[in-house]
Amino acid sequence: MEMVLLTALGVGGATIFGSLMGFAFKHISHRFSDIVLSFAAGVMLSAAVLGLILPSLDYGGRYGILVTVAGIFAGAMCLNLIDKLVPHLHRLMGTDTETHKNTNLDKVLLFVTAIAIHNLPEGIAAGVSFGTEDTSQAMMIAFGIALQNIPEGMVIIGPMLAAGVSPGKTFACALVTGLIEVVGTLVGYWAVSIASALLPFALAFAGGTMLYVISDEMIPETHAHGSETGATYALLAGFCVMLISDVLLG
């Protein structure tokens, strides 16, 4: 449990770290942002497949493939429903500085709320991964999510400051989005701990949410500013880094 708590704090803390970077570097180039986010997408893709979906098959028993497929689609549809209620990142704000300057406060707060809501299933994915009792895999998944949270934390800052929100309140909002991820991690771990029969479906569900985020949000965002080639290779690099780590730690 101590390891889970530390991981939860690390995953949530990555958002806060990203927000601090947002204060320090208010004008970050699209190319740099796209490369970092694409690398994180590759890490998350590898973590979703190796750390969540394949273990779901292993724990699923006789009907493992059916449970895994159902879990993947359930996770994706859950985030799709959330998107319909509260659109996310590239649909609301993108990362365009001029857009930030012209955005009213209500839209900025909706943007931050969307990030916070999406952080909950990401945190749950980190917590669920500890149900396999494979600490190295769980840490790999947590690392992938944390890496993605850094640029996400960074993009919170600029729009809020441009909308006239004070630095203190801006940081408080970033802190809340990080804490929600901490809660999600603990909820995910608690759920599979009390009901081990849910583990195969929960793993696949978490994998499905991560695949949805990668395909629906991260890749479109990183391919929207003319850095498609660099973003693609960054994704491959992130995937291979985690693949190598899995082999070395396995």
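All figures in this text were calculated on a predicted structure; none of them were measured in a lab. (Residues numbered from 1 in each chain as written. Predicted model: local features only at pLDDT ≥ 70, side-chain atom pairs only at ≥ 80, totals over all residues. Heavy atoms only, no water.)

Our next topic: the overall build of the chain. A tally of regular secondary structure across the chain gives 10 helices and 0 strands. Listed by position from the N terminus, the elements making up the chain come as α-α-α-α-α-α-α-α-α-α. The buried share among the 250 residues of the chain stands at 49%. Excluding contacts between residues fewer than 6 apart, the proportion of contacts in the chain whose partners are at least 24 apart in sequence is 87%. Summed over all atoms, the accessible surface of the chain reaches about 11200 Å², with 71% contributed by carbon and sulfur. (Helix = DSSP H or I, 4+ residues; strand = E, 2+ residues; numbered from the N terminus. Buried < 20%, exposed > 50% of the residue type's maximum accessible area, 1.4 Å probe, protein only. Contact = heavy atoms within 4.5 Å. Areas by Shrake-Rupley, 256 points an atom, 1.4 Å probe, with all protein chains shown as cover.)

Note that soluble globular proteins tend to have their nonpolar side chains buried in a common cluster. Leu52, Ile141, Ile145, Met210 and Met218 are the most contacted members of the largest nonpolar core, which totals 33 residues. Broken down by secondary-structure element, the contributors of at least two residues to this core are helix 2 (30–59), helix 3 (64–85), helix 6 (105–129), helix 7 (135–162), helix 9 (199–222) and helix 10 (228–249). Apart from residues no more than four positions distant in its own chain, Ile145 is found in contact with Val11, Met44, Glu122, Ala125, Ala126, Glu181 and Met210. (Core = buried A, V, L, I, M, F, W, Y, C linked by side-chain atoms within 4.5 Å.)

This paragraph deals with the side chain of Ser38. Along the chain, the position of Ser38 falls in helix 2. Polar contacts involving the side chain of Ser38 include one to the side chain of Thr222, which spans 3.3 Å. Those residues in contact with Ser38 that sit more than four places away from it in its chain are Thr222, Ala231, Ala234 and Leu235. (Polar contact = N/O pair within 3.5 Å; in protein donor to acceptor, adjacent residues only side chain to side chain.)

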